[in-house]
Amino acid sequence: HLHHPSQELKRKYLNAHAPAEEFSPNDDDASREPRLAALYPSSGPRGCATALSVRGELLGRAVTHGEITLSALLPRASRPVDIPATFVSDTKLECVLPPSEHPGVAHLSLARAKATLTPLSPSATAASAAAAAAAPALPAGTCAFHVYGPFAASRLRPPSGPVSGGTAVRVLGSGFAPTGELTVRLRMRGAEQRVPAAFISETELRFMTPDFHDAGDAQVHVSLNGQQFAEDPELTFTFVAPACAIA
């Protein structure tokens, strides 16, 4: 039995440089299975479908008859549902996760490699979100999607600051969750900027205002997943000259 020199060199290189859990002396790339690795966004509102960008490995091997299917186990569901996905590349898929009527954690995997999963106890509270984060790791190739309940942003403190930005603003409201994707969008006269927000509690978020250059009122909206923003109620932050800023 003969080995081509280039193949032998490639095998030695992979064995020497790749992580031990991925390659071994007898490992063959042809035997590796396709799997999912990450979702964006990784959270979404209850009762709404969410467009997802799905990252993974060797996804082309999961295509059957020109189609690729994912398996989604929604919160409180007794069995998973199959959802069609669009193949973009060997490392990326796109799909739309169907709406869930219950907050909690959904699990997504390739339909050809379904895992036996037990739905986590659903809740929209920060305590349950922290508990979910500390839960045992999911089976390889399975991704978690957090479904959050209704939330509302009702006040900004302070409501104004200098046009140069850098004002620490408290967003007061209800139903906030530590999704890791909290985003605040500011719009003024056709210009838009998005900044990350920090989770403080279920009733408070915080963010730093960006530099808007011009004075005026900016409309402020909050998103828990960086994509879907609450449009009502609409909050306003006023950018003013530093000497006139309200403390």
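Residues numbered from 1 in each chain as written. Predicted model: local features only at pLDDT ≥ 70, side-chain atom pairs only at ≥ 80, totals over all residues. Heavy atoms only, no water.

The helix and strand tally for the chain stands at two helices and 17 strands. Contacts in the chain between residues at least 24 apart in sequence constitute 66% of all its contacts with a sequence separation of at least 6. On the chain, roughly 13500 Å² of surface is accessible, and the fraction owed to carbon and sulfur atoms is 54%. (Helix = DSSP H or I, 4+ residues; strand = E, 2+ residues; numbered from the N terminus. Contact = heavy atoms within 4.5 Å. Areas by Shrake-Rupley, 256 points an atom, 1.4 Å probe, with all protein chains shown as cover.)

Now for the environment of A51. Its location among the elements puts A51 in strand β3 (residues 50-57). The exposure class assigned to A51 is partly exposed, which follows from its relative accessible area of 47%. As for A51 and Y40, which are separated by 11 residues in sequence, their C-alpha atoms are 8.6 Å apart. Once residues lying within four places of it in the same chain are set aside, the contact partners of A51 are Y40, P41, C95, V96 and Q227. (Buried < 20%, exposed > 50% of the residue type's maximum accessible area, 1.4 Å probe, protein only.)

Attention now goes to the pairing of strand β8 (residues 143-148). Both strand β2 (residues 43-45) and β8 contribute to a ladder of three bridges, which runs parallel. Of the residues in β8, the one forming a bridge with P45 is Y148. (Pairing = 2+ DSSP bridges.)

Moving on, we come to the packing of aromatic side chains. On inspection of all chains with the given rule, the structure shows four aromatic pairs. When the centroid spacing of 6.1 Å and the interplanar angle of 75 degrees are considered together, the rings of Y148 and F151 count as edge-to-face. For Y148, a relative accessible area of 5% gives the class buried. Residue F151 is classed as buried on the basis of its relative accessible area of 18%. Taken together, Y148, F151 and F176 form an aromatic cluster joined through their ring pairs. A cation over an aromatic ring shows up here: R185 above the ring of F229, its NZ or CZ 4.3 Å from the ring centre. (Phe/Tyr/Trp six-rings, centres within 6.5 Å; stacked < 30°, edge-to-face > 60°. Lys NZ or Arg CZ within 6 Å of the ring centre and 35° of its normal.)

Let us now look at the sheet that holds strand β11 (residues 168-174). If you trace the four strands from one edge of the open sheet to the other, you get β9-β11-β15-β14, paired in antiparallel fashion. Where the open sheet ends on each side, the last strands, each with one partner, are β9 (152-157) and β14 (198-201). Averaged over all pairs of adjacent strands, the angle between their axes in this sheet comes to 30 degrees, without regard to strand direction. By the bridge criterion, five bridges tie β9 to β11 in an arrangement that is antiparallel. For R155, the partnering residue across the bridge sits in β11 and is L172. (Axes fitted to C-alpha atoms, helices over the stretch in contact; angles between N-to-C directions.)

Our next topic: unusual backbone geometry. The omega torsion of the bond from Y40 to P41 falls at -5 degrees, within 30 degrees of zero and hence cis. Along the polypeptide, P41 turns up in the loop between β1 (35-40) and β2. With an omega of -5 degrees, the peptide bond between R157 and P158 qualifies as cis. In this structure, P158 sits in the loop between β9 and β10 (160-162). The backbone phi angle of L58 is positive, close to 55 degrees, even though this residue is not glycine. Residue placement: L58 occurs in the loop between β3 and β4 (68-73). The phi dihedral of R76 is positive, around 70 degrees, even though this residue is not glycine. In this structure, R76 sits in the loop between β4 and β5 (81-89). Overall, the relative accessible area of 54% leaves R76 in the exposed class.

Sheet architecture is open: five strands sit in the order β10-β17-β16-β12-β13, paired in mixed fashion. The open sheet terminates on both sides in strands that have one partner only, identified here as β10 and β13 (191-196). Here the average twist between neighbouring strands, direction ignored, is 30 degrees. Bridge count between strand β16 (residues 216-223) and strand β17 (residues 235-240): five bridges; the pairing is antiparallel.

Structural measurements only, silent on function.
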